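What follows is the residue order along each chain.
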Amino acid sequence: MIERIWSGRSWLYIALLPLSALYGLISGLRRLSYKLGLSRSWKAPVPVVVVGNLTAGGNGKTPVVIWLVEQLQQKGYQVGVVSRGYGGKSADYPLLVTSDVTTAQAGDEPVLIHRRTSAPVAVAPKRAEAINALLAHHSVDIVITDDGLQHYALQRDYEIVVIDGVRRFGNGCWLPAGPMRELAGRLDSVNAIIVNGGTPKSGELPMSLKGELAVNLLTGETRKVSDIPNCVAMAGIGHPPRFFATLQQLGADLQKTHAFADHQSYEQSQLLGLTTGNQNLLMTEKDAVKCFQFSQPNWWYLPVSAHLPEKEGKQMLDEILGLLPKSIFHQ
């Protein structure tokens, strides 16, 4: 239902417009307060790159964060990542993510980023506290924030907005009548716009998420998606149909799909009931990081990576590298 409302296919959004106006007023006043210096923002001692979006729901931010971290690591830089840790609840903040930290504590995305990149990751509702924790325990040249475009308490040196190229901005309204955290005009003030799928507009960088080899949660075996028979797919991400469409494009033998809420937590019994007989369960990597502890021999996940055009990707990366002092080592 919410997709129909936000896409403009349901007139119910009209009833929500007064709430959207209130949301827009409050968020606009809040941003103005920081702009005028009435609210205090914090400047980190190292460059900060924000990877965020204008809409609620999954747009592909985390793969972009991973791409940036890996690109900078390849050039010899020490990269730290901070996150709000949505979906997790820790007894204490800031929380430094280690191999012992669970998704229940840190949230799924911080654990996924740490697992994929081995970069130091810190989680805290106040991202300044997360950055200070990183700097206290690690030698960090630059910080990437997973989400946080609207977290104006933290000053940033570079802003990247990721857009779902198929859904884009729906009906263009503020929450809750539409999907917008900030209106599309905010794009005029960001440094880079990345479009995940669909057709990019002028000045936007096209991105695709690619993956072919599924990984067995229990054994680590890799296998082409098309070589796994009798698949039942599940996804607890911002837009599950995107994952299911990817599997179909890869030739998956899909028999059934199950969509869960974004950041959904799972229990073993819940997932055991999704398959019968000789069926295999195929999930996203974001789901898998929550399931390793009780994984089964017939459970697989598909890692995906962000791919950007070489020329445009290099230009964006060069702009980010330009934020770093010349004295810092780089290749």
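Quantities reported herein were computed from a predicted structural model and do not represent experimental measurements.

J.: Kindly report on the UniProt feature "binding site: ATP" (unreviewed entry) in the protein, identifying the contributing residues and their values.
T.: On the UniProt side, "binding site: ATP" (unreviewed entry) is annotated at positions that read Thr-55, Ala-56, Gly-57, Gly-58, Asn-59, Gly-60, Lys-61 and Thr-62 here. Considering the arrangement of structural elements, one finds Gly-58 in the loop between β1 (48-52) and α3 (61-74). If sequence neighbours within four positions are ignored, Gly-58 has contacts with Asp-164, Arg-167, Gly-238, His-239 and Arg-242. Mapped onto the secondary structure, Lys-61 falls in helix α3. Overall, the relative accessible area of 10% leaves Lys-61 in the buried class. Apart from residues no more than four positions distant in its own chain, Lys-61 is found in contact with Val-51, Gly-52, Asn-53, Asp-146, Asp-147 and Val-162.

J.: Can you lay out the sheet that holds strand β7 (residues 192-196) for me, pointing to particular residues and giving the numbers?
T.: Strands in a sheet are paired, the pairing made by backbone hydrogen bonds, and the direction either parallel or antiparallel. Taken in spatial order, the nine strands line up as β3-β4-β2-β5-β1-β6-β7-β8-β15 in an open sheet, and their pairing is mixed. The sheet is open, and its two edges are formed by β3 (95-96) and β15 (305-307), each paired on a single side. On the sheet, helix α5 (residues 108-117) packs against β2 (79-83), β4 (121-123), β5 (142-146) and β15 and is oriented at approximately 170° with respect to β4.

J.: Any details on the packing of aromatic side chains? Residues and values, ideally.
T.: For the structure on display, the rule yields five aromatic pairs. Judged by centre distance (6.1 Å) and plane angle (55°), the rings of Phe-243 and Phe-244 are tilted. Exposure class is identical for Phe-243 and Phe-244. Each is buried. Between Phe-294 and Trp-299, the aromatic rings sit 6.1 Å apart at their centres with planes inclined by 90°, giving edge-to-face as the arrangement. The same class applies to Phe-294 as to Trp-299, namely buried. One residue, Arg-115, lies across the ring of Phe-292, its end atom 4.1 Å from the ring centre.

J.: Explain the pattern of salt bridges to me, and be specific about the residues and the numbers.
T.: Within the structure shown, the criterion is met by 15 salt bridges. The partner of Arg-156 in a salt bridge is Glu-159, and the shortest N-O contact between them spans 2.7 Å. Residue classification places Glu-159 among the buried positions, given a relative accessible area of 8%. Of the charged contacts, one joins Arg-186 and Glu-159 as a salt bridge, the two residues approaching to 2.8 Å between their closest N and O atoms. With a gap of 27 residues between them, Arg-186 in the loop between β6 (158-164) and β7 and Glu-159 in strand β6 connect regions that are remote in the sequence. Neither Arg-186 nor Glu-159 differs from the other in exposure class; each is buried. Shared partners join several salt bridges into a network, and the residues in it are Arg-156, Glu-159, Glu-182 and Arg-186.

J.: How would you sum up the nonpolar core? Please name residues and give values.
T.: One finds Leu-68, Ile-144, Ile-160 and Met-316 to be the most contacted residues of the largest nonpolar core, which totals 39 residues. If sequence neighbours within four positions are ignored, Ile-144 has contacts with Val-49, Val-51, Val-65, Leu-68, Val-69, Leu-72, Val-79, Gly-80, Val-81 and Val-82.

J.: Lay out the packing of α3 against helix α10 (residues 310-321) in plain terms, naming residues and giving numbers.
T.: Following both chains from N to C, one finds α3 and α10 inclined at 70°, their axes separated by 11 Å at the closest point. By the angle class used here, α3 and α10 are roughly perpendicular. Our pair here, α3 against α10, has a crossing hand that is right-handed. Residues Trp-67, Leu-68, Gln-71 and Leu-72 of α3 touch α10, and the partners they reach there are Gly-313, Met-316, Leu-317, Ile-320 and Leu-321. Tallied by class, the residues present in the contact of α3 with α10 amount to seven nonpolar, two polar and no charged.

J.: An account of α3 is needed here, citing residue identities and associated values.
T.: For α3, which comprises 14 residues, the first-to-last C-alpha distance of 20 Å matches the rise-based estimate of 20 Å (1.5 Å per residue) to within 8%. Taken from the residues just after α3, Gly-76 is the one with a positive phi, measuring 90°.

J.: Give me the domain arrangement of the protein: which residues, what numbers.
T.: Per the domain assignment, the segments making up the protein are domain 1 (1-77 + 141-208 + 308-323) and domain 2 (212-303). Computed over C-alpha atoms only, the centres of domain 1 and domain 2 are separated by 28 Å.

J.: Tell me about the packing of α3 against α5, and please be specific about residues and values.
T.: Where α3 contacts α5, the two axes come as close as 10 Å, and the packing angle between them is 30°. The pairing of α3 with α5 is recorded here as roughly parallel in orientation. Note on packing geometry: the crossing formed by α3 with α5 is right-handed. Along the contact surface, α3 presents Thr-62, Val-65, Ile-66, Val-69, Glu-70 and Gln-73, while α5 presents Glu-109, Leu-112, Ile-113, Arg-116 and Thr-117. For the contact of α3 with α5, the residue count by class is five nonpolar, three polar and three charged.

J.: Quick one: what's the story with the sheet that holds strand β14 (residues 299-302), residue by residue and with numbers?
T.: Pairing within the open sheet is mixed, and its six strands lie in the order β10-β9-β14-β13-β11-β12. Here the strands that pair on one side only, and so sit at the sheet edges, are β10 (222-224) and β12 (254-259). The mean angle between the axes of side-by-side strands here comes to 30°, regardless of whether they run parallel or antiparallel. By the bridge criterion, three bridges tie strand β9 (residues 213-216) to β10 in an arrangement that is antiparallel. By the bridge assignment, Ala-214 is partnered in β10 with Arg-223.

Cut-off values and rules
- Residues numbered from 1 in each chain as written.
- Predicted model: local features only at pLDDT ≥ 70, side-chain atom pairs only at ≥ 80, totals over all residues.
- Heavy atoms only, no water.
- UniProt positions renumbered as here; feature names shortened; annotations may be inferred.
- Helix = DSSP H or I, 4+ residues; strand = E, 2+ residues; numbered from the N terminus.
- Contact = heavy atoms within 4.5 Å.
- Buried < 20%, exposed > 50% of the residue type's maximum accessible area, 1.4 Å probe, protein only.
- Pairing = 2+ DSSP bridges.
- Axes fitted to C-alpha atoms, helices over the stretch in contact; angles between N-to-C directions.
- Phe/Tyr/Trp six-rings, centres within 6.5 Å; stacked < 30°, edge-to-face > 60°.
- Lys NZ or Arg CZ within 6 Å of the ring centre and 35° of its normal.
- Salt bridge = Lys/Arg side-chain N within 4 Å of Asp/Glu carboxyl O.
- Core = buried A, V, L, I, M, F, W, Y, C linked by side-chain atoms within 4.5 Å.
- Parallel < 35°, antiparallel > 145°, perpendicular 65-115°, else oblique.
- Left-handed = near helix turned anticlockwise from the far one by under 90°.
- Nonpolar A, V, L, I, M, F, W, Y, C, P; charged D, E, K, R; others polar.
- Expected span 1.5 Å × (residues − 1).
- Domains from an automatic or database assignment.

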